[in-house]
Amino acid sequence: MNLASILQCHAHSHGDKTAIEFGAARLSYLTLWQCLQGYAACLHEHGIGPGDRVGLALKEHPRHLILHYALARLGAVILPIDQRWTIAEKTAAATTFKAKLLIVEEDANMPEGTECLTLDQVHQDADPGCLPPLPDGPDLTLLISLSSGTTGRPKGALVTHEQMYQRFVSQWVSIGFNSQDRFIGLTPLYFGAGRSFAMSFLAAGATVILDPPPHKPEELVRAINAARATATFLVPTQLRQLLPLHRDGLVLPHLHKLLVSGAALHPPEATAMRSKVSPGLVGYYASSEGGGISVLTAAEFDDYAHTAGRPTFRTEVQVVDNQDRPVAAGETGRLRYRGPGVAARFIDADGTEQTTGPQDWFYPGDLAAKLEHGHIILRGRDKDVINRGGVNIYPAEIEAVLVQLPAIREAAVVGEPSEKFGESVTAFIATSDGLHKNVLDEHCRKQLAPYKIPARYVALDELPKTSSDKLDKPALSEQLTANLKT
């Protein structure tokens, strides 16, 4: 298995079909393959071969996407690097993950200690005849898929060609990606979901439209509708900004698949999205280590909007207690999963590599409950559990209640040190209205046990987010700690 061989097949079987659109430019699958071969030959001349790690610190354009497959063609390993990072951050990533080469934009500042090529130095005029046969094999590594731990230092999962292909198959079967789709990429290719979906649609033989961020809400709508896209991926923050644009009819009438991932939508939000933005809303729960974990299809939102859907194709999911024993349906425990797309090799933030067995379970650190028919309810992060007087409280349950109030856009519940209880419940809410504590308490009292009702509420204009648009609860906890010290 070498993923580049799939694009070679597309070039041979339907080479005149448009593979990538970027502004007025159109690249056919035949042209895509020729560019890919040229870039691979150029990198081969610079000494890049199987197993070499190459950082891509680039903006969103066709060459960035094609270079993913050019490195795959060589058997080299892709190291995604956010081109917005500082020199220190880029240098740290290149050092930690032992990059042999970084490819950067022409105007970028060069990280120290690692060989760099600017984008204009990676040309497509090199002779592909110099290239060796496509390397393959079950253990051929494709990508270092980065995730941030609680310290913010990146960790990496080593994903093979075979594992990434299995993730693609899971997306094709579970979500329905196909060769007739027109997918518009509106998020950075550095992000796991944006990269994975763009590569998956090319492997499926579809058309990928690249529209570089950032976008204002009106620009997002114009781009999606002008491209007559059938599929796209947005993070919840982007989706929420589209609701006020609703007038008559759907905001995005052409979309068949509106994928949302990175954080859960609350049921009232999902209902509004489906009726005003697109009925093709699809929830996708995934991780950088294992790809897709579960999917909530458009047909299931009416009954299961409070869940993350059911396991993706060939992914086995369990909820277990602290002794790794499966818990009863509906009971909260630690989520674990395994499948053919789950990585078995990992690089810690200090550069140390670890290997798991092929049948080992992966624990993403999420708390969940699994319903009788397989739907998964996420209860928050394992480290997010609040222990109040010896009783475990799951923040996600309280957050879901708070956002039922129309004035609250988002909520984040964290534990605050308490002399009396060990921890008390504090709720941060994003709201533009001044909500009195009595009103909030009365609302919570109708649905929550007394000990779950927040001891205090902190109103903010916006809640802090990570670079992948997830709530940054460590930042909120640090804010509480700082307040205690002062």
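What comes next is a walk through the structure.

## Regarding helix 12 (residues 437-445)
Each α-helix turn comprises 3.6 residues. Residues three or four places apart therefore point the same way.
Inference 1: Taken together, the buried positions of helix 12 are occupied by Leu440, Asp441, His443 and Cys444. Along the axis of helix 12, the buried residues cluster in a sector spanning 165°; they form a single face. Residues of helix 12 that are exposed and point over 90 degrees away from its buried face: Asn438 and Arg445.

## Digging into the packing of helix 1 (residues 4-14) against helix 2 (residues 29-45)
Inference 1: At a closest axis distance of 8 Å, the pairing of helix 1 and helix 2 adopts a crossing angle of 140°. In terms of axis orientation, helix 1 runs oblique to helix 2. Both helix 1 and helix 2 take part in a crossing whose hand is left-handed. Every residue of helix 2 that contacts helix 1 at Ala4, Leu7, Gln8, His10, Ala11 and His14 is listed here: Tyr29, Leu30, Leu32, Trp33 and Leu36.

## Notes on the pairing of strand 5 (residues 101-104)
Inference 1: In strand 5, alternate side chains face the same way, and those of Leu101 and Ile103 on one face and Leu102 and Val104 on the other are all buried.
Inference 2: With four bridges connecting them, strand 3 (residues 53-57) and strand 5 associate as parallel partners. Of the residues in strand 5, the one forming a bridge with Ala57 is Val104.
Inference 3: Here strand 5 runs beside strand 6 (residues 115-118); their pairing, made up of four bridges, is parallel. For Val104, the partnering residue across the bridge sits in strand 6 and is Thr118.

## Notes on the sheet that holds strand 25 (residues 422-431)
Inference 1: An order of 24-25-26 is seen for the three strands of this open sheet, with the pairing classed as mixed. This sheet does not close on itself; its edge strands, each paired only once, are strand 24 (408-418) and strand 26 (456-460). The mean angle between the axes of side-by-side strands here comes to 25°, regardless of whether they run parallel or antiparallel.
Inference 2: Both strand 25 and strand 26 contribute to a ladder of five bridges, which runs parallel. The residue bridging Ile429 from the neighbouring strand is Ala459, located in strand 26.
Inference 3: Its contacts with the sheet put helix 12 on strand 24, strand 25 and strand 26, and the angle it makes with strand 26 is roughly 115°.

## Examining the environment of Lys437
Inference 1: Tracing the backbone through its elements, the reader meets Lys437 in helix 12.
Inference 2: Polar contacts involving the side chain of Lys437 include one to the side chain of Asp441, which spans 2.7 Å.

## Side note on the nonpolar core
Inference 1: Grouped together as the largest cluster of nonpolar side chains are 78 residues, with contacts concentrated most on Ile20, Leu43, Leu65, Leu67, Tyr69, Ile103 and Leu202.
Inference 2: For this core, the element with the highest residue contribution is helix 2, accounting for ten residues.
Inference 3: Those residues in contact with Ile20 that sit more than four places away from it in its chain are Ala25, Arg26, Leu27, Leu32, Pro62, Leu65, Ile66, Leu202, Val208 and Leu210.

## A word on the packing of aromatic side chains
Inference 1: Tallying each qualifying case throughout the model produces twelve aromatic pairs.
Inference 2: Ring geometry for Phe183 and Phe201: centres 4.6 Å apart, planes at 15°, overall stacked. In this pair, Phe183 is assigned in strand 9 (residues 182-185) and Phe201 in helix 6 (residues 192-203), connecting sequence segments 18 residues apart.
Inference 3: Judged by its relative accessible area of 2%, Phe183 falls in the buried class.
Inference 4: Residue Phe201 is classed as buried on the basis of its relative accessible area of 0%.
Inference 5: Relative to Phe362, the ring of Phe346 lies with its centre 5.7 Å away and its plane at 20°, an arrangement referred to as stacked. Linking Phe346 in strand 18 (residues 345-347) with Phe362 in the loop between strand 19 (353-355) and strand 20 (366-370), this pair joins segments that are 16 residues apart in sequence. Taken individually, Phe346 and Phe362 each receive the classification buried, so the pair is uniform in this respect.
Inference 6: Each member of the aromatic cluster is reached from another via a ring pair, and the members are Phe177, Phe183, Phe197, Phe201, Phe233 and Tyr284.

## Observations regarding the pattern of salt bridges
Inference 1: Counted under the stated rule, the structure contains 22 salt bridges.
Inference 2: Between Arg240 and Glu269 there is a salt bridge, and its shortest N-O distance comes to 2.4 Å. Of the two residues, Arg240 sits in helix 8 (residues 236-240) while Glu269 sits in helix 9 (residues 267-276), which places them 29 residues apart along the sequence. Of the two residues examined, Arg240 and Glu269, each falls in the buried class.
Inference 3: Here Lys465 and Glu410 are joined by a salt bridge, their closest N and O atoms 3.1 Å apart. With Lys465 in the loop between strand 26 and helix 13 (473-485) and Glu410 in strand 24, the pair connects residues that are 55 residues apart, well separated along the chain.
Inference 4: Given the relative accessible area of 26%, Lys465 is considered partly exposed.
Inference 5: Taken together, the shared-partner salt bridges in this structure form one network comprising Arg240, Glu269, Glu410 and Lys465.

Conventions and cut-offs
- Residues numbered from 1 in each chain as written.
- Predicted model: local features only at pLDDT ≥ 70, side-chain atom pairs only at ≥ 80, totals over all residues.
- Heavy atoms only, no water.
- Buried < 20%, exposed > 50% of the residue type's maximum accessible area, 1.4 Å probe, protein only.
- Helix = DSSP H or I, 4+ residues; strand = E, 2+ residues; numbered from the N terminus.
- Arc of directions from axis to C-beta.
- Axes fitted to C-alpha atoms, helices over the stretch in contact; angles between N-to-C directions.
- Parallel < 35°, antiparallel > 145°, perpendicular 65-115°, else oblique.
- Left-handed = near helix turned anticlockwise from the far one by under 90°.
- Contact = heavy atoms within 4.5 Å.
- Pairing = 2+ DSSP bridges.
- Polar contact = N/O pair within 3.5 Å; in protein donor to acceptor, adjacent residues only side chain to side chain.
- Core = buried A, V, L, I, M, F, W, Y, C linked by side-chain atoms within 4.5 Å.
- Phe/Tyr/Trp six-rings, centres within 6.5 Å; stacked < 30°, edge-to-face > 60°.
- Salt bridge = Lys/Arg side-chain N within 4 Å of Asp/Glu carboxyl O.

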